[in-house]
Amino acid sequence: MGSSVSGLSVPPSVPGVDRNLDTSGHAAAIDVQGMNFFYGEQQVLFDISLVVPERSVTALIGPSGCGKSTFLRTLNRMNDLVDGARCTGRCLVEGQNIMDPAVDVVLLRKHVGMVFQKSTPFPKSIFDNVAYGPRVAGEKNRAVLSELVESCLRKAALWEEVRDRLHTSAMALSGGQQQRLCIARTLATNPKIILMDEPASALDPASTDRIENLIGELCSNYTIVIVTHNMQQASRVSHQTAFFFRGRLVECGPTMKIFTSPAEKQTEDYITGRFG
Amino acid sequence: MSVVSGGVTDGVVSVSFTAGSDSQIRQRLRLSRYFMWLCRLVTYASLGVLAVLLLSIMWNSAGRLSWSFLSSHYSMHPDRCGILAGLWGTFWLVLLTAGFSIPIGVGSAVYLEEMAKDTWLMRVIRVNLSNLAGVPSIVYGILGLTAFRPLMIQLQSLFDGRHAVNVLGMFRLRLLKLDIYDGSVLIGAMTMSLVILPTVIIASQEALRAVPASIRVASLALGATRWQTIWRQVLPASLPGIATGVILSISRAIGEAAPLMMIGVLTVASMCPGGLESPGQLLSEPGRVLAVPFDQFTAMPVEIYDWSKQPDPEDRFTAVAAAGILVLLAVLLTVNAAAMIVRYRAGRQLRW
Amino acid sequence: MYSGLEVDQQWSASCQLLLVRLGFGLSFVESVLMPTWASQRIHRRHETLIRWVLFVCAALSVLTTAAIIYVLLSNAVYAPGEKTAFFERVSLWQFLTSGRWKPTDGAGAHFGIWPLLTGTLQVALIASLVSIPAGLGAAVYMSEYAQPREREFLKPVLEILAGIPSVVYGFFALKFITPWVLKPLFGLLGLEISIFNSLSAGIVVGIMVTPLIASLSEDVIRAVPRSLREAAYALGSTRFDVSARVVVPAALSGILASFLLAFSRAVGETMAVAIAAGGNPLLTLNPLRGSQTMTGFMVHASAGDSAADSISRMSMYAVGITLFVMTLTINLLSGWIMRRYREVYQ
C-alpha cells in the first residue's frame, strides 16, 4: 500500500491543466457530505463525501455502474426527473445545501451547467441552440444575444468553424462539433460549475483531443466535474481524481497521487487495468 | 438582467438558490404553472364533455327506455316506437361482418407479417392499407351501393339454369327463390367489412409483431413448417392482441351508419331480417337463418339518425332517439368490456 | 399419437392428390409473383395453397382501392357502355365555378360544388379550432405532466370519447349544444342561430377528432428523445420552457401530421354533420346558419328515390370523387410528413 504503482506512466496533461496546482487555497465549489442515493428501494450511492475546489477539474472514474454518473446528476438535481429517485445527506454548492426542498432547481441548473455523453443539439439553428439558455431566461435583445453567442462559441473553440452558418441546423454538424456546441450552449447560461458526463466517449480521437484542450482552457474560470471511463483522459485533464466503486467513493486525491501512488488496493487494481 | 453577461466569470458572485429569490424566475415558474393548469384543464374538459354528453342523453330519454322499447317495431307514434328491428339488424350485420372481416383481416396480417418478402407489391399493399384506413366510410358506401348489388345479381345468374354450376345445386335452389335487394344484410356486411378491414389488418399486424422472433425460430428449428409455426405458435400467442383489435373494429361497425345509409338500408323497418324476432324463434325455426343474409334490414345507428331528424315540435321522437342511443351505447359498452377483459387476462397470462 | 400421425399423413396425401395440379400451377405463379419468405422452396402442397389463399386476402385491399377508384371514375368521369357519366353531362367548368348546388332532374338544375365545399371546409375548420388546442394540450399534459396513474385513467376516457358513434354526436349537437349552449350564448349577443347550423356540427366533430390528435401527438411527443429534455432542463429551463420551446418544436412536424389527419377525418365525417348542419346547400360563411357538406349531400342523395342513372343520382359520384381526392391528398401529405419526422428520431 502506498507504494508507487509500477509500470504506470502518467501521460502529460493538456495545456492549461497544471496538475501540481495547489487547490488548498481555493474555496469549495461543491461540498458533499454523507450522501446516499436511492432508486426506489435500491441504494446506488453510499455515504459519499467529496469536496470540489473551485476553478479546478475533478475527474470521477470507476467501472460502469459504479454510480459516478448518478453522483454527477445529483449535483444539479437532474435526478429529480427520475421517478422514485431519493437522496439524503448534504450537498453544498457555493455554500448552500441544494438538497433543500426550498431550492429552485431552475436557478441551480443555470448555475451548474451540464454536458451529456451524447451530444444533444436541439433541432434548431446553431445560433438558436446557443441562445436558448439566455432566451428562456428572458433575454430578447438581438445584439446582446449575438455578442453572447459569438463569445460562447469562441470559448468553445467552435466559432471559426461555424461563423458562416450560424443559422443553419445544428443537426448538420459533426459529432465533435455538436458536443462543442453543447458546451457553448452551457456556457451561455453563465454557469460557475460545469458537469460533464463522459463528454468525449462518443467522439473520434481528434474531437476528443479538442474537447480535452477546451477543458484546459475553461478550467481557469470554471469549476469542472467530469465523469469519464477513460483513465488516460482523467489523468490528462484533471487536478483531482475520485475513484468510485460499487456506489462508494473509494478514494479521492490529487490526480498525480491517485495515478502514481494510490492509497487503496482497489484503486490500484482499477487504474492498472486488473478489473473494470 | 442578472442572467446574461458574456464576460469572463472571475470574481466571486454570491448566488442564492433559494426558490423565489429571483423575481424573474418566479415569474417564469408562474408562467410554467399556468401552462400546466391550462393543459390540465383542456385534458379534463374531455372528461367533462363526456359526462355532459351522457347526462344530456339520459335526461332526454327521460324514462323512455323500457322493455317495450326493446321489443317493439317502428311506429309513427313516438310512444309506441321501438328498436327491435335495429337490434336484430345490427346483430346480424355484425355477425356477418365479423365472419367476413376476421378471417380475411387476420389472414392478410399473417401474410404481410409472416410470409411476404419486401417486394414492391408488398410495399404497395402496405402503403395502400394505411391510406384505406383514412378513406371516409361513406366512400365505401358508394362502392357497396354501386358494385355489390350488381355483383350479387351476377352471382345469382351464375347459379341459375343457364349457367348451372351443378356441384352447387343446393345453393342454386336457395338463391333462385330470393330477390336480391339493395340494402340486404349481406351487402351491408360486405360493405361494412371493407370499412373495418384496414383497422382489423393493422391491429392484427401489430399483435403479430409483438410475438418474439425466438418463438418462430424455436418452432422452425423443431422441424415445423412455416404454416405449422404460424398456426400452432404465432397465432395462439398473438390471439389476445388480435382479439382486442378485432373487437374494437367490430364496435366501430356497430356504431357506423354512413355506409349503411348509402347502400339504402331501411330507415323505417317493421320487420326483422328473416322474420326472426326473438331468440326463442331462432331455436324453433332455425331454417329462417338462411334467409337472413338476403333480407332487408335496418341498424340501430340508422334508426337513431332517422329519429333525430324527425320534425317533432313536442320532442317526443327526441326521447325515442335518446333511448335508442342508450341501447346503442350499452351494446358498445358490453363489447368494449369484452375487449378489456381479453386484454386484462392476456396481460396476466402472457409475459415475454 | 400414432393414429393422429397416420391421419395427418393421409390428409396430406389426399391434399396432394386433390391439389396437385392446382398446386403446381400455384407454385409456378408464385415463383414468378411471390418470392418465398425463406429462400427455400416449400414442398408441401397444402402449405402452398394456404400461402396463396392468404396472399389473396392481402391483395384484397388493393382490389378494394382499385374498385373504389373504378366506381368513382366510371360514374363521375367516363362511363364505359351505354351509361353516361356525370362529367359527360355537366361540364367540369360548371362544377368548379358555379356557386349554386341544386341537383334536380330536369330544368333548373345547378351543379356547382362551392356550397358543399364551403360547408365542408367550414365544419372542418371549426372542428380544427376546437380540436387542435384541446388535442395538443391533452397530448402535452399526458406526455409531460401526468403521473403514470393519471395517464392510465385519462387515456381510456379519450378512447371512449373516440369510440362514441357519430350519430350520437349528431344528436348531442342538435338536441343539446344548439338549444342549450349556443342559442342562449348568441341570444345574449342578440344573434339569431338556426336549429341546423355549422357551428354545432363543427364543435361536435372537433370533440370527435380531439382524441385522434391527442393520441397521435402524444406518440410523436414521446418520441422526442429524453436526452433533449434533460439538456433543456440542464440549461435552467422550467417545464414550460422544456415543453413549449424544445419538445413541441422538436415534434412539430409530427404534430402537424396529426392535425392534417384530423382535418381529413373531419372532412369525411358524415352522420354527425348530416344531423347537425342540416341539408340546405347554402353558399354562406356564416356558421350560425345551416349548410350542407359533401358527405351530408351524399347521404341525402342516396336516400332519394330517383332513378339510378338520373343526373341527380350521378352527382353523388362527382361529389364522392371530390371527397375521395381531398381526403386522400391530405392523408398522403400527413403520411409523408410523419415519415420524415420518424426519420429524424429513429
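Residues numbered from 1 in each chain as written. Chains lettered and ligands numbered in written order. Predicted model: local features only at pLDDT ≥ 70, side-chain atom pairs only at ≥ 80, totals over all residues. Heavy atoms only, no water.

**Q** Break down the side chain of R64 of chain B for me, citing the residues and quoting the values.
**A** Along the polypeptide, R64 of chain B turns up in the loop between α1 (23–61) and α2 (67–71). Not counting the four nearest positions on each side in its chain, R64 of chain B is found in contact with F69, P78, D79, R80, C81, A319, V320 and A323 of chain B. (Helix = DSSP H or I, 4+ residues; strand = E, 2+ residues; numbered from the N terminus. Contact = heavy atoms within 4.5 Å.)

**Q** So what about helix α11 (residues 252–268) of chain C? Which residues, and what values?
**A** Here α11 of chain C is 17 residues long and its end C-alpha atoms lie 24 Å apart, about the 24 Å a rise of 1.5 Å per residue gives. When you tally the buried positions in α11 of chain C, you get 12 out of 17 residues, the bulk of the element. (Expected span 1.5 Å × (residues − 1). Buried < 20%, exposed > 50% of the residue type's maximum accessible area, 1.4 Å probe, protein only.)

**Q** Mind laying out the pattern of salt bridges, listing which residues take part and the relevant values?
**A** Per the stated rule, a full pass over the model turns up 26 salt bridges over all chains. The residue R216 of chain B makes a salt bridge to E114 of chain B at a minimum N-O spacing of 2.7 Å. Of this pair, R216 of chain B sits in helix α8 (residues 213–221) while E114 of chain B is found in helix α3 (residues 84–115), placing the two residues 102 residues apart along the sequence. Considered together, R216 of chain B and E114 of chain B belong to a single accessibility category, that of buried residues. For the salt bridge of R245 of chain C with D241 of chain C, the shortest nitrogen-to-oxygen distance reads 3.6 Å. With R245 of chain C and D241 of chain C both in helix α10 (residues 239–250) and four residues apart, the pair spans about one turn of that helix. Take R245 of chain C: its relative accessible area is 31%, and that puts it in the partly exposed class. (Salt bridge = Lys/Arg side-chain N within 4 Å of Asp/Glu carboxyl O.)

**Q** With reference to specific residues and values, describe the sheet that holds strand β4 (residues 85–93) of chain A.
**A** All names here are of chain A. One open sheet accounts for four strands, arranged β2-β1-β4-β5; its pairing is antiparallel. Among the strands making up the open sheet, the edge pair consists of β2 (42–53) and β5 (96–97). With eight bridges joining them, strand β1 (residues 28–39) and β2 adopt antiparallel strand pairing. Looking at the pairing, Y39 lines up with Q42 of β2. (Pairing = 2+ DSSP bridges.)

**Q** Which residues make up the packing of helix α3 (residues 126–136) of chain A against helix α4 (residues 142–155) of chain A, and what are the values?
**A** All names here are of chain A. Here α3 crosses α4 at 110°, and the two axes come no closer than 9 Å. Compared by their axis directions, α3 and α4 come out roughly perpendicular. As for how α3 packs across α4, the hand of that crossing is right-handed. On the side of α3, the interface is formed by I126, F127, V130, A131, P134 and R135, while α4 contributes R142, L145, S146, L148, V149, C152 and L153. Considering only residue class, the contact of α3 with α4 consists of 10 nonpolar, one polar and two charged. (Axes fitted to C-alpha atoms, helices over the stretch in contact; angles between N-to-C directions. Parallel < 35°, antiparallel > 145°, perpendicular 65-115°, else oblique. Left-handed = near helix turned anticlockwise from the far one by under 90°. Nonpolar A, V, L, I, M, F, W, Y, C, P; charged D, E, K, R; others polar.)

**Q** So what's going on with the nonpolar core? Which residues, and what values?
**A** Among the nonpolar cores identified, the biggest contains 232 residues, and I30 and F71 of chain A together with W307 of chain B are the most heavily contacted of them. Setting aside anything within four residues of it in sequence, one finds W307 of chain B in contact with F69, Y74, C81, G82, I83, F317, V320, A321 and G324 of chain B. V57, C152, L187 and A188 of chain A belong to the second largest nonpolar core, which has 49 residues in total. (Core = buried A, V, L, I, M, F, W, Y, C linked by side-chain atoms within 4.5 Å.)

**Q** I'd like a rundown of the layout of surface pockets, residues and numbers included.
**A** Taken as a whole, the second largest pocket holds about 640 Å³ of empty space. Lining the second largest pocket are 18 residues, with L81 and D83 of chain A together with S143, E144 and R239 of chain C sitting closest to its centre. Elements with a minimum of two residues in the lining of the second largest pocket: α5 (114–145), α6 (148–163) and α9 (226–234) of chain C. Across the lining of the second largest pocket, the residue classes tally to seven nonpolar, two polar and nine charged. (1 Å grid on protein atoms, 1.4 Å probe; cavity = no way out; pocket = protein on both sides within 12 Å on 5 of 7 lines; lining within 4 Å. Points joined across faces, edges and corners; volume = space filled by probe spheres on them.)

**Q** Describe in detail helix α13 (residues 294–303) of chain C, supporting the description with residues and values.
**A** Because each turn of an α-helix spans 3.6 residues, side chains separated by three or four positions in sequence point in the same direction. With respect to burial, α13 of chain C is a largely interior element, eight of its 10 residues being buried. Restricting attention to buried positions, one finds in α13 of chain C the residues M294, T295, G296, F297, M298, V299, A301 and S302 of chain C.

**Q** Which residues make up the environment of T120 of chain A, and what values go with them?
**A** Residue position: T120 of chain A is located in the loop between β6 (112–115) and α3. Classification of T120 of chain A by relative accessible area gives buried; the value is 3%. Considered as a pair, T120 of chain A and Q178 of chain A are 58 residues apart in the sequence and their alpha carbons are 7.5 Å apart. Contact partners of T120 of chain A, with chain neighbours within four places excluded, come to C182 and R185 of chain A together with S227, L228 and A231 of chain C.

**Q** Requested: an account of the interface of chain B and chain C, with residues and values cited.
**A** On the side of chain C, 80 residues touch chain B, which itself brings 77 residues to the contact. Note on chain B versus chain C: buried area summed over both sides is about 6800 Å², and carbon and sulfur give 75% of it. At the junction of chain B and chain C, the tally comes to one salt bridge. In this structure, R28 of chain B and D241 of chain C form a salt bridge, with 2.8 Å as the shortest nitrogen-oxygen distance. Run the count over chain B and chain C and you get 15 residue pairs in polar contact (both at pLDDT 80 or more). (Buried area = accessible area lost by both parts, 1.4 Å probe. Polar contact = N/O pair within 3.5 Å; in protein donor to acceptor, adjacent residues only side chain to side chain.)

**Q** I'd like a rundown of the pairing of strand β8 (residues 223–227) of chain A, residues and numbers included.
**A** In summary, the side chains of a regular strand alternate between the two faces of the sheet. Residues and elements named next belong to chain A. Taking burial as the measure, the five residues of β8 include five buried ones, the bulk of the element. Side chains T223, V225 and V227 of β8 all project onto a buried face; the interleaved residues I224 and I226 project onto the opposite face, where all are buried too. Relative to β8, strand β7 (residues 193–197) runs parallel, the two being bridged by five bridges. Each bridged residue has a counterpart across the sheet, and for L195 the counterpart in β8 is V225.

**Q** Please provide a residue-by-residue account of the domain arrangement of chain B, values included.
**A** Residues and elements named next belong to chain B. For chain B, the domain assignment lists domain 1 (23–60) and domain 2 (69–348). In this structure, domain 1 and domain 2 have C-alpha centres spaced 38 Å apart. If you look at the interface, domain 1 gives four residues, while domain 2 gives six residues. Carbon and sulfur atoms make up 84% of the area that domain 1 and domain 2 hide from each other, which totals about 390 Å². Of all residues in domain 1, I57, M58 and N60 bury the most surface against domain 2, accounting for 88% of the area lost on that side. The tally of links between domain 1 and domain 2 comes to zero salt bridges. At the junction of domain 1 with domain 2, the criterion picks out zero residue pairs in polar contact (both at pLDDT 80 or more). Residue composition of the side of domain 1 that touches domain 2, grouped by class: three nonpolar, one polar and no charged. (Domains from an automatic or database assignment.)

**Q** Which residues make up the packing of aromatic side chains, and what are the values?
**A** All names here are of chain A. One pass over the structure, following the stated rule, counts 25 aromatic pairs over all chains. Arranged with centres 5.1 Å apart and planes meeting at 85°, the rings of F37 and Y39 form a pair that is edge-to-face. Assessed through its relative accessible area of 2%, F37 is described here as buried. Here Y39 falls in the partly exposed class, since its relative accessible area comes to 30%. (Phe/Tyr/Trp six-rings, centres within 6.5 Å; stacked < 30°, edge-to-face > 60°.)

**Q** Could you give an account of the pairing of β1 of chain A, with specific residues and numbers?
**A** Residues and elements named next belong to chain A. The hairpin formed by β1 and β2 contains two residues between the paired strands, and G40 there has a positive phi angle of roughly 60°. Bridge analysis of β1 against β4 gives eight bridges, and the strand direction is antiparallel. Note that in β4 the partner of Y39 across the bridge is A85.

**Q** Can you break down the side chain of D104 of chain A residue by residue, with the values?
**A** Residue and element names in this part refer to chain A. Inspection of the secondary structure puts D104 in the loop between β5 and α2 (105–111). The side chain of D104 is buried and forms no salt bridge, while R109, the nearest opposite charge, is found at 7.9 Å. In terms of polar contacts, D104 uses its side chain to reach the backbone amide nitrogen of V106, at 2.9 Å. (Lys, Arg positive; Asp, Glu negative; His and termini not counted.)

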